[in-house]
Amino acid sequence: MLASVLPMEGLGEVASLDPRQFLGIPLALLGAALLAFGAQYQSRGLNKVERIVGASAGSGLSLRHVLGLLRRPSWVSGTLLLGLAVTFQIGSLALSPIIIVQPIGVVGLVITSILNSRLSGVRLDTRVRISIGLAVLGIVAFVSIAAFTATDRPVTDAKLTTILITFAVVLVLALIAFVLLRHHRVALLYIVGAGVLYGFVATFAKAVIGRLQQGEFETLTWLCVAALVVGALLGMVFVQNAYSSGPPDLVVAGLTVIDPIVAVLIGIIVLNEAANAPGWAVFAFIASGALAVVGVIGLAKFHPQTGASALDAPAEAVGSGGQQPGSAGPATD
């Protein structure tokens, strides 16, 4: 029965898989859970700081915003949780191909959606729940196929050079988009920008790990480390701006869908991790990835908190120390 569904070459590839690559999956799941809680706390802290400062961060973080964030326990706690999430993600990348473990972060979307709905008191309607379901279904299908068709490949100088040049172009475009569009409060702009940047960050992390495992650490690898740091910092700026104009579950949706799609495309096109995948798997990758993207777009369109600012709450709700409608948490955290 199975042989009639899967081509024989696909079965041969499954049989030759290294069982070690499955060990990265539980680490990726832990990282996804930490991402969900970290995003929720960071969003709550930023919304509180916006109310204290009296200015939205949607068009860029000011010095007052930054100083306020460093004093908010919720934002600092969220940042620490995100740091742990990155640690688990790096561990998973050391064990498994990037196209297996990176998409698993979508589990964080489910957790964040439940958390945000409960803490903010915002009911998610049918269209939002369907959008979340599409995003999760697309990524689950993607990772299921990747788990049985992907293999780690040596990271060569030519591959690193290609990734670095591509990242330089993306970095320039991201900076231009931020400067030109940052006053428009478009949450999806920041989310897509952060997702693309973090997709490259994950790729650079995987490349550096691969070079270490190959015993090669020279100038090109150091350039990857530098690009990783730059991408992570700029991505963090995009994420903070996204929290100002969108709910945390929308932000996490972008990071856990756009991020892995970018990383997976690099893994497939540049790192050749799917070089031995059968033809049907390639079409399945495209279909499941498209399904996940449709889910994120739907979430951005239909989520009741999209485009809302913490400053939109009635003054009495904030002044009373209560929870403002549509906020990511209590005003007293």
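Residues numbered from 1 in each chain as written. Predicted model: local features only at pLDDT ≥ 70, side-chain atom pairs only at ≥ 80, totals over all residues. Heavy atoms only, no water.

**Brief notes about the packing of aromatic side chains**
Operational definition: Ring pairs are drawn from Phe, Tyr and Trp, using the six-membered ring of Trp, whenever the two centres fall within 6.5 Å, and their geometry is named by plane angle: stacked under 30 degrees, edge-to-face over 60, tilted for the rest. Strands here are runs of E lasting at least two residues and helices are runs of H or I lasting at least four, both read from the DSSP assignment and numbered beginning at the N terminus. Relative accessibility thresholds used throughout: buried, under 20% of the residue-type maximum; exposed, over 50%; partly exposed, between the two (1.4 Å probe, protein chains only).
Here the structure, examined in full by the defined rule, presents 4 aromatic pairs. Seen in terms of ring centroids, phenylalanine 167 and phenylalanine 204 are 5.3 Å apart; in terms of plane orientation they differ by 90°. Their pairing is edge-to-face. Of this pair, phenylalanine 167 sits in helix α9 (residues 157-181) while phenylalanine 204 sits in helix α10 (residues 187-213), and the two are 37 residues apart along the sequence. Taking relative accessible area as the criterion, phenylalanine 167 reaches 4% and is therefore assigned buried. Ring plane angle 80° and centroid distance 6.1 Å describe the contact between tyrosine 190 and phenylalanine 238, whose orientation is recorded as edge-to-face. Placement of the pair is tyrosine 190 in helix α10 and phenylalanine 238 in helix α11 (residues 219-245), with a sequence separation of 48 residues. By the ring-pair criterion, three or more aromatic residues cluster together here, those being Phe167, Phe200 and Phe204.

**Structural notes on the packing of α11 against helix α12 (residues 248-269)**
Here is the rule we go by: Helix axes are fitted only over the stretch in contact, all axes being lines through C-alpha atoms; the angle between N-to-C directions runs from 0 to 180 degrees. Crossing handedness follows the turn of the near helix against the far one: under a right angle anticlockwise gives a left-handed crossing, and clockwise gives a right-handed one. What makes two residues a contact is simply this: any of their non-hydrogen atoms within 4.5 Å.
Between α11 and α12, whose axes approach to 8 Å, the crossing angle comes to 145°. Considering only the axes of α11 and α12, their crossing is right-handed. Here Val239, Ala242 and Tyr243 of α11 come into contact with α12, specifically with Pro248, Val251 and Leu255.

**Concerning a nonpolar patch on the surface**
The condition is simple: Patch members must show over 30% relative accessible area and no salt bridge, and they are joined within 9 Å when carrying like charges or within 5 Å when they are nonpolar side chains of Val, Leu, Ile, Met, Phe, Trp or Tyr. Method for areas: the Shrake-Rupley scheme with a 1.4 Å probe, in which residue coverage is limited to the protein chains shown. By definition, a salt bridge exists where a carboxyl oxygen of Asp or Glu is found within 4 Å of a side-chain nitrogen of Lys or Arg.
On the surface, Ile165, Val169, Val172, Leu173, Ile176, Val179, Leu180 and Leu181 cluster together into a nonpolar patch covering about 750 Å² of accessible area. With respect to the helices and strands, the residue isoleucine 176 is situated in helix α9. For isoleucine 176, a relative accessible area of 43% puts it in the partly exposed group.

**Looking at the layout of surface pockets**
Our working definition: With a 1 Å grid spanning the protein atoms alone, the term cavity applies to any set of points in which a 1.4 Å probe fits but cannot get out, the term pocket to an open set with protein on both sides within 12 Å along at least five of seven lines, and the term lining residue to any residue with an atom within 4 Å of a point. Grid points are joined across faces, edges and corners, and a volume is the space filled by probe spheres set on the points. Side-chain classes are defined by residue name, with Ala, Val, Leu, Ile, Met, Phe, Trp, Tyr, Cys and Pro counting as nonpolar, Asp, Glu, Lys and Arg as charged, and the others, Gly among them, as polar.
Roughly 840 Å³ of volume is contained in the largest pocket. Of all the elements in the fold, those that place two or more residues in the lining of the largest pocket are α3 (24-53), α5 (73-95), α10, α11 and α12. At 9 residues, the largest contribution of residues to the lining of the largest pocket is made by α5. Grouping the constituent residues of the lining of the largest pocket by class yields 27 nonpolar, 10 polar and 1 charged.

**Notes on the side chain of serine 92**
Tracing the sequence through the fold places serine 92 in helix α5. Dropping the residues within four chain positions of it, serine 92 is found in contact with Gly24, Leu27, Ala28 and Val101.

**Some points on the nonpolar core**
Condition: To form a nonpolar core, buried Ala, Val, Leu, Ile, Met, Phe, Trp, Tyr and Cys residues must be joined to one another through side-chain atoms within 4.5 Å.
With 62 residues, the main nonpolar core has Leu109, Phe200, Phe204, Phe238 and Val257 as its most contacted residues. For this core, the elements supplying multiple residues, two or more each, are α3, α5, α8 (126-149), α9, α10, α11, α12 and α13 (279-302). With 12 residues, the top contributor of residues to this core is α10. With sequence-adjacent residues up to four places away left out, phenylalanine 200 is seen in contact with Ile163, Thr166, Phe167, Val170, Val262 and Ile266. In terms of nonpolar packing, the next biggest core, distinct from the first, is built from 22 residues, Ile100, Ala146, Ala150 and Ala281 among them.

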